[in-house]
Every structure is written in C-alpha cells, then in structure tokens.
Amino acid sequence: MKSKWKRIFAVLLSVVMCFNLCGCWNSRELNTLAFVTSMGFDKTDTGILMTVQVFNPRAIASQKTVNETSVIVYTQEGKDILEMLRRMITQSPRKMNGTHLQTVIFGEDFAKDGISMVLDFFTREHQFRTDMYFAVAHGTTANNILKTQTKLETNPSNKLFSSLKSSDEIWAGNKAIKLIELVNAIVSDGNNAAITGVELTNPPQDKDNINALQRMEEDPVVIKNLAVFNKDKFVGWINEDECKGYNYLTGNVSETLGSAESKEVGKITMEVTHTDAKRRAAFVNGKPSINVEIHVDANIENVTGTYDITKEENLNKIEKLAAEKVESQCLGSLIRTKEYGCDIYGFGELIHRTYPQYWKTVKNNWSEEFRNLPVSVKVDYKILATGPQGNPFFEKENK
Amino acid sequence: MGKNGISSSISENLKQITNTIGNDLDFTVRVFDILLNKHVLKGAVIFINGMADTNKLNSLSMELNETILSQTWDGLTLEDCFIKLKTSLLCQVKVSVGSDSETIYEEVLSGNTILLLDGMDRYLILNTIGPDGRSITESTSQTIIRGPKEAFTEKLTVNITLIRRIIKAKSLKIEKMSIGNLTKTNVAILYLDQIAKEEMLNEVRTRLKNIKVDSILDSGYIEEYIKDDPNSIFPTILNSERPDAVAGNLLEGKIAVLVDGSPYVLTVPAFFIDFMQVSEDYYHHYIISSFIRLLRYVALILTLIVPAFYIALTTFHQEMIPTTLLVSIAAQREGVPFPAFVEVFLMEIIFEILREAGIRMPRAVGSAISIVGALVLGQAAVQAGIISAFIVIIVSITAITSFAIPNYEMSNAVRIIRFGFMILSTCFGLFGVFIGLVLLTLHLSKLKSLGIPYMTPLAPANVQENKDALIRFPLWKMRYRPRMISKAKTPRVQTEPPVSSEQSKNQEIY
C-alpha cells in the first residue's frame, strides 16, 4: 500500500514539475492587447522616434461602418526600443504585442547610422516572429509612411506586407527580405544586405480622410528602389532595373517580365517563367574573377508591331535582344554597387568557399577588392512558347 | 425429500404458499377435483396472473379439463395419475417435476405454473413463462444506414434467438446463471467454442460469479461490476443494441454477456478501437469505411481539444494564429466582458445542459429547446455582446464532432475529459494541453479489458490486426481472427474474391 502511494506521488510530482518547464509566458486576453503590425524607426535630434501601427479590431471587422480608422498610430521618442515600447502603455490602454509584426520600416537617416540595434532587439526579444519584412523609407520618414492610409487593404502594414511578398514573387523589381536573411547578410563577411525601399507618392493632404484617399488615383505608398547596406549601415539606392539585375545575379528571380525592343522588332514582352544563375569564382592572372551564367526561360506574351515571330531565326534575334537587356540590367547593377563598394551579391562568400586561403588575405579589405572585381555575365535566354497564335492578327492586313 | 421437500397434503401446501406470497391480486390458485376410484382427488394449479402467458394458460386449462373428464381414471394409483397428468399436459407445454418447496416460489414468480396433487410430495412445473414483451423493433440508439435493423429487446430468450439466427453453429455455447438475490436476473454468457479463449471465458465466469448484490436492473450494473478498472472514465466493455454487432464480436472470439431485462448486450474484451467502429463499417466499401473511420478519429481529436486550443491560442499563443484570422477573432472579442475561458466554459456547460435536457424532456416540448438553444443562446447572446460569435462556432464544432463518435459511452468520456483540457489550457496554454494529451495517452495505455491492453492493436502494435483498426482492409485480406482474442488459428477467409481481375476483364456476357 505504501509503495502504491509512493508511485502515485512520484507520477504527480513529475507532472507538477512539468509545469515549471514552460518558461516565460503569460496569459493575456485578446482585448487587453494591442497588436503591432508595423514599426518605424526614425532618427531625431535626441535619439530615436519610434512609430507603431496598431490595428483597431473594432474598425476592421465591424459590420457597420464605424467612424474609426482601421489602424492607430502611436509614436514615442527615446533611446531604447524596449523602453519606448513599454512606455507606450502611458498612451495606449493596451499592452503592445509584437507577435504579429509584419513590416519594419527604417527612416533613411536612421538606416545611415546603422540598424543593428533594432535587429538585435528583434532576434533577442522572445515575442517576435522572424517573418516580418524590412523596408527603408525613400525620400520621407518611416513615421510619415506609417501614418498614411492605403487603398484596397484596410490595414496599411498588411498592404505593404502583401505587395512586398507578391512583387518579390512576380516582379523582381525589389527584394523582400526577412529577419534571418537580413541578419545573415549583415554578419557575413562576403555579403551585404539590400532592403527594398518604400516611397510616398503624392501624400494626401488630409491624412485621415478616407474619401480623399478614394479619390486618389495612385496608392500613396509605393515600393520603389533598393537600399544598399554596408554592414548595418545604409549606403545608397539602386533603381528598379538595377534591382532586377541584382535579382538575376543572385538567382532570386522566380517570375518577372522580360522584353526585347528594337526598331526592327518593335516591342515584344515576355513572361519569365524560370531563371537560374550559375555562379563560379575563377582565378585569372592571380586575380579572382566571377563568372555568372544566367539561364532564363520565357514565354512571349505580347507583341507590338509586325515582327514575324514564327521564324526560328527571328526568335533567336528576340532571344538575343532580351538577353542583352538582362545583361545590361546586371551590369548596371554591378556598376552602381561597385560605386558603393557593397557586395550585395555574396560574391565574397563565393570566393571564400572556392578559395578559402586567398579569402583570408582579402577578407578585411573586401569592400575595396569588390570595386575591382571582374564579373562576367553571360545570359542564355530561351523562348519556350509564343502563345496560342503565331503572328499577330493584324500583320496580314498591314501587308 | 429432505426438510425442504413439500408436504404431501395439498391444503397444507396451499396454505403455506398463499401465506408466503400473500396477495390475491395477481396470485391465483385454481383447485380442481378428479374422481378417482370413487374418491375425490384434489388438485391445484398455482400461477401468477400476468406473469404467466394467457394463451398458454387457456390451452392448458382446456387440456386439463379434457384429461380430468376422461373416463379412464379408475384403477389408477396416485403415482399413475401424476404421470398421466404430466404426459397429457406435455403436449401443450414443457413440463418438469419438482419437489423442493423453495423452487415453487422461484418458478411461480418467474411465470411458471405449478400443479399440485393431493397426497403427492412432488409437483409439476408447467412452463408458462409470460408473453414476449415488446416486439423486435429497429435500433433506436445505434442507428445505421445499411445493414440489419433488428435490435435486441428486453427478453433474454428473444435476444439469444436473435444471435442464434445469425450464427447457426453448434459451437455457439450458452451458459446461464442468475445474479441478484432479489431480482434473480438471468444472465447468459455466449461464446463460440473453439474460438473464444478458455482463460478469458473463465475470467468472465469468475467475475460474474463474484457479483453479490440484491439487484441487477440493467446490463449497466454488470458492466460496472466486472469492469477491469472501475474508476476509469473510458468504457472497457462494449454494449450493443444490435445482434449483428454482437455476432460479429462473437465470431472474433469475444464473449457476450446477455442480461434479462436489458436490450444492451455486453461484449468483452473491448478495445479503444471497438468504440470507434460500427458494424456498418463492414457493410460498405472498404475505402469508404476507412475514410469514415479516419473521419471519426479526426472528430474525436477535435471534440477533445478544440475548445482547449481556442483558449490556449487566444490567451497564450497569439503568434500562432494567422494575422488575418487574429484580426477577425480580436474584432469579435471586442467588447465581450468575459475572458475567453469563462466564455468557452459557459457555452460548453450550457450546451451540455441543453443536450441533457433534450434527452429527458417529453417529446411534445422538444421543439422549444431547439428554439431556445439556437436563437436565444446562439444568436441573441452574440448580438447582445455577451459572448463572441467565434465561441458559438467552437461550441458547435465540439458538439457536432462529439456526435460523430459512434459509441455513447466513449462520447461521454470525451465530453468530460474535454473540460479537463480546457482547465489545463487556461492555466498553462498549449503546454498544458500537451501535458494533458500525454497523461491521457498514459492512462489509455494502462487500461486493460479482460486483461488485454486497451489500445490493442495500436499500442502493442500488430500489423496483422491493424488491418481492421484505424482503417478497414477488404474483407478477404483479413484472413485471420484477432490473435489477442481468439484461440482459433484457422483462417476465417478461405478465398480471394471469386471474381478475379482477369475474369472481369475478359468475360463479357451479352
């Protein structure tokens, strides 16, 4: 009998002890929490201005139209992120909860000073997920962007999140980067980070007026350009074409548009369905060089003009033109980044992997070495299909 | 004939019996005279009106009358008369001879008729046990779409017949015993000789014999007394209202316990998977049956943890909810005065009350409860902002899924455990839920039914027996009976399907 009680006690004890294992956690009701969907960081004279966008559940899901905005913005100045976040309780009735943070926007000036403290906070603090996107405000402050209402999505940060994600998938004119990738790019020796830019076009005069927003033709918040970083510090911008080149060079294009344009050909637009970048490091005359072979598969989607696309040689011509376009995008991107001395392509890593001994000698001076790194780009463009019709319908009539 | 034998004087006997049974409301004594050798020989018939079958009594009395009035009595001895009566009545009902005074009461009280003859210290027991009671109807608590619809009745003999009609084998053995000092309830053990294991049979016999109680009113009493772990909430004895289900179990080597007065037949051993199966599974196509079985397990898991998960996710792990879903949940929680736990608990309790009320209520007011349940508790409570609409969905999911568990006892067990999970998740979040799941698994693995692990064939894993567990293999693939239960080693299926694939390909009949 005694041993039976002993056993029961042992089982109970081990169960009770289990409950001590669950670490730091706390029970909080949904309606005591304010869910932060976006955070913005700007530099001020005294320190940091943190802007926090919190969704307003009542306004978002209400059946009736409520005279409330779908998001609420809080700002707080300070020097320390956690302190600012906590201090917001003095303004907001609910505790800030960062578990659903979707986008983090850096002001340009803030990014120039370095974003490492923010990244450290996000990776160290337990409540954050790692799947938020990062962006840099171009020509404005993060605060301004977060204060702006957007179209279609009621939640501006949701809009930013979705358009970053989908444009990364089908447009390739920017780079959606998440926490882990960003941190890896920063801490890696032979690599640098690039974060997409966000711009305010034609900011509405009356910010809170939803009617004014509806009258606008263009969404006020647009994704544009790419911010290039050296370590954790912002260096400069590259434009859309250069950004495409960057994505081609890193093999990051999953779907985009390609085009061939000349007097003879007219303008032919293609949907790029598959790309692949083979990157190799080589040694030529005691100097390292990089060879990138880019394979692009594309389908013709739109033909402007009367060019006969049913002929094999004409197709080859189109392929060549399109390949040249991609090549020029790549080279443009290389020229610009070499100017900045920022290897955002990870070529340094490539050399590190192929020639580890040599890497040790250039490791500390990679930024300079990169400026003089010869990179040869070869594009192999393949048109797989021309769509269900051969030549444009209108060709015959014209002849 | 010992001290318990009856006296040879009929008046003394009648006096004693009348005194003991002591009422004349249904207790009937009919006295008749036989003219034997110029003497009057007194005889008496005793029965209980209502317990004895009226039809049988009528034909008996006609036969008795004819026999008495026949002219062939002269010259017979008393013994001869007794035998003459016995043989003449034998053509109407089953007749046996008794001499014990105690047996008279037992026989009379169970509906038999006793014939006493003056001067004899023996009596005739005429089998007039009463009408069949309720006729065989469709099963009400275990309904099916396809398959035999007959259900057991309260009458033991009828129930045995129902099984015998399915299994017409001489190896179907029946053992009878009576349990209950006052109710003297007849209990029968049914099994298939050669297939049921002897040790299990002995175990059932011993357990039944050890029951020492006044009354057995339903098979539920027996179940509670012979259960392996009486404190476990999980049923370890299967009850069924359906003869085909019981026959199926018998054919696997299980043992059935039939209780007079209860339309629910017990079968032992019963495993966890048995409570998630219905006999209909074998009547449909095996792919469909397998799908439905898996569906039931999904339902089981859902009904167990959906409310707990909701509490855990909304109060502890908001990061696990997709952002858009979180927005809509948060919007509904807006302005709701109670914490999520109170909300869920309230609604679950109300649902359980609604369910209980629905069972007990007279049919005539049945519609009232659905109106109150659906409109007042569902819609109005949400509109009034007392609970959030999401809770109504959660409670509905648990309700619907709990009905998908085919066995009522299992469904009840899960209902209770669900509340435990809700408390765990309120205190410890998902961590608590998983601790609960671990404890539940431990408990289930510990349970036994008639000494065989409850989770068979999942926990002592057995590939062969898993052919009829979570999914159902085609019938011809289940060649052997479950080895844990049955002792017969011969295959129960001899052939592949008689239509071979080649046949169905080549043979064309115009």
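Residues numbered from 1 in each chain as written. Chains lettered and ligands numbered in written order. Predicted model: local features only at pLDDT ≥ 70, side-chain atom pairs only at ≥ 80, totals over all residues. Heavy atoms only, no water.

A. Seen up close, the overall build of chain A. The number of helices and strands found in chain A is 15 helices and 13 strands. Taken over the C-alpha atoms alone, chain A extends approximately 95 × 60 × 60 Å along its principal axes. Of the roughly 20,000 Å² of accessible surface on chain A, a fraction of 50% belongs to carbon and sulfur atoms. Positive and negative side-chain charges in chain A, numbering 48 and 50 respectively, have mean positions lying 8 Å apart. (Helix = DSSP H or I, 4+ residues; strand = E, 2+ residues; numbered from the N terminus. Areas by Shrake-Rupley, 256 points an atom, 1.4 Å probe, with all protein chains shown as cover. Lys, Arg positive; Asp, Glu negative; His and termini not counted. Charge placed at Lys NZ, Arg CZ, Asp CG, Glu CD.)

B. Structural context of the pattern of salt bridges. Residues and elements named next belong to chain B. With the rule as written, the count across this model stands at 32 salt bridges over all chains. In this structure, the salt-bridge partner of Glu-198 is Arg-205, at a minimum N-O distance of 3.8 Å. Overall, the relative accessible area of 34% leaves Glu-198 in the partly exposed class. Classification of Arg-205 by relative accessible area gives buried; the value is 15%. Connected via shared salt-bridge partners are Asp-281, Arg-293, Arg-296 and Asp-468. (Salt bridge = Lys/Arg side-chain N within 4 Å of Asp/Glu carboxyl O. Buried < 20%, exposed > 50% of the residue type's maximum accessible area, 1.4 Å probe, protein only.)

C. Representation of the packing of aromatic side chains within the structure. All names here are of chain A. Summed over all chains, the structure comprises 26 aromatic pairs over all chains. Between Phe-121 and Phe-128, the aromatic rings sit 5.4 Å apart at their centres with planes inclined by 65°, giving edge-to-face as the arrangement. A relative accessible area of 10% places Phe-121 in the buried class. Measuring from ring centre to ring centre gives 6.5 Å for Trp-366 and Phe-370, while their planes differ by 45°; the resulting arrangement is tilted. Of this pair, Trp-366 and Phe-370 both sit in helix 14 (residues 366-371), 4 residues apart, which is roughly one turn of the helix. Three or more aromatic residues link up through ring pairs in this structure, and these residues are Phe-41, Phe-106, Phe-110, Phe-121, Phe-122, Phe-128 and Phe-134. (Phe/Tyr/Trp six-rings, centres within 6.5 Å; stacked < 30°, edge-to-face > 60°.)

D. Structural view of a nonpolar patch on the surface. Residues Ile-288, Phe-291, Ile-292 and Leu-295 of chain B make up a contiguous nonpolar surface patch of roughly 360 Å² in combined accessible area. Along the chain, the position of Phe-291 of chain B falls in helix 9 (residues 286-315). (Patch = residues over 30% accessible without salt bridge, like charges linked within 9 Å, V, L, I, M, F, W, Y side chains within 5 Å.)

E. Examining the packing of helix 5 (residues 116-124) of chain A against helix 8 (residues 179-187) of chain A more closely. Residues and elements named next belong to chain A. Direction vectors running N to C along helix 5 and helix 8 enclose 130°, while the axes themselves pass 11 Å from each other. The angle between the axes of helix 5 and helix 8 places the two elements in the oblique class. Taken as a pair, helix 5 and helix 8 cross one another with a handedness that is left-handed. Only Leu-179, Leu-182, Val-183 and Ile-186 of helix 8 make contact with helix 5, whose side of the interface consists of Leu-119, Phe-122 and Thr-123. Within the contact of helix 5 with helix 8, the residues separate by chemical class into 6 nonpolar, 1 polar and no charged. (Axes fitted to C-alpha atoms, helices over the stretch in contact; angles between N-to-C directions. Parallel < 35°, antiparallel > 145°, perpendicular 65-115°, else oblique. Left-handed = near helix turned anticlockwise from the far one by under 90°. Contact = heavy atoms within 4.5 Å. Nonpolar A, V, L, I, M, F, W, Y, C, P; charged D, E, K, R; others polar.)

F. Representation of the interface of chain B and chain A. On the chain A side, the residues contacting the 28 residues of chain B number 26 residues. Both faces considered, chain B and chain A share a buried interface measuring about 2,300 Å² in area, 68% of it formed by carbon and sulfur atoms. Taken as a group, Thr-323, Glu-334 and Phe-431 of chain B account for 24% of the area that chain B buries against chain A, more than any other trio of residues on that side. On the surface where chain B and chain A come into contact, there are 2 salt bridges. In this structure, the salt-bridge partner of Glu-334 of chain B is Arg-94 of chain A, at a minimum N-O distance of 2.6 Å. The set of elements that each furnish at least two residues to the side of chain B that touches chain A consists of helix 9, helix 10 (323-333), helix 11 (340-360), helix 14 (408-428) and helix 15 (430-446) of chain B. Tallying contributions element by element places helix 10 of chain B first for the side of chain B that touches chain A, with 8 residues. (Buried area = accessible area lost by both parts, 1.4 Å probe.)

G. Layout of the domain arrangement of chain B. Residue and element names in this part refer to chain B. According to the domain assignment, chain B contains domain 1 (10-126), domain 2 (156-270) and domain 3 (286-453). Each of domain 2 and domain 3 was reduced to a C-alpha centroid, and the two centroids are 34 Å apart. Across the contact, 16 residues belong to domain 2 and 16 residues belong to domain 3. A buried area of about 1,400 Å², summed over both sides, lies between domain 2 and domain 3, and 71% of it is on carbon and sulfur atoms. The tally of links between domain 2 and domain 3 comes to 1 salt bridge. Counting residues per element, the ones that place at least two in the side of domain 2 that touches domain 3 are helix 6 (198-209) and strand 8 (238-240). It is helix 6 that contributes the most residues to the side of domain 2 that touches domain 3, 4 residues altogether. In the side of domain 2 that touches domain 3, the residues fall into 9 nonpolar, 3 polar and 4 charged. (Domains from an automatic or database assignment.)

H. Representation of the sheet that holds strand 9 (residues 255-259) of chain B within the structure. Residues and elements named next belong to chain B. Strand order in the open sheet made by the 5 strands is 6-7-9-10-8, with antiparallel pairing throughout. Looking at which strands have only one partner, the edges of the open sheet turn out to be strand 6 (172-179) and strand 8. Taken over all neighbouring pairs, the strand axes of this sheet differ in orientation by 25° on average, direction set aside. As paired strands, strand 7 (residues 185-192) and strand 9 are joined by 4 bridges and run antiparallel to one another. (Pairing = 2+ DSSP bridges.)

I. Looking closely at the UniProt feature "domain: Spore germination GerAC-like C-terminal" (unreviewed entry) in chain A. Using the residue numbers shown here, the UniProt feature "domain: Spore germination GerAC-like C-terminal" (unreviewed entry) corresponds to residues 225-387 of chain A. Within the segment residues 225-387 of chain A, helix and strand shares are 37% and 41% respectively, and the terminal C-alpha atoms sit 32 Å apart. (UniProt positions renumbered as here; feature names shortened; annotations may be inferred.)

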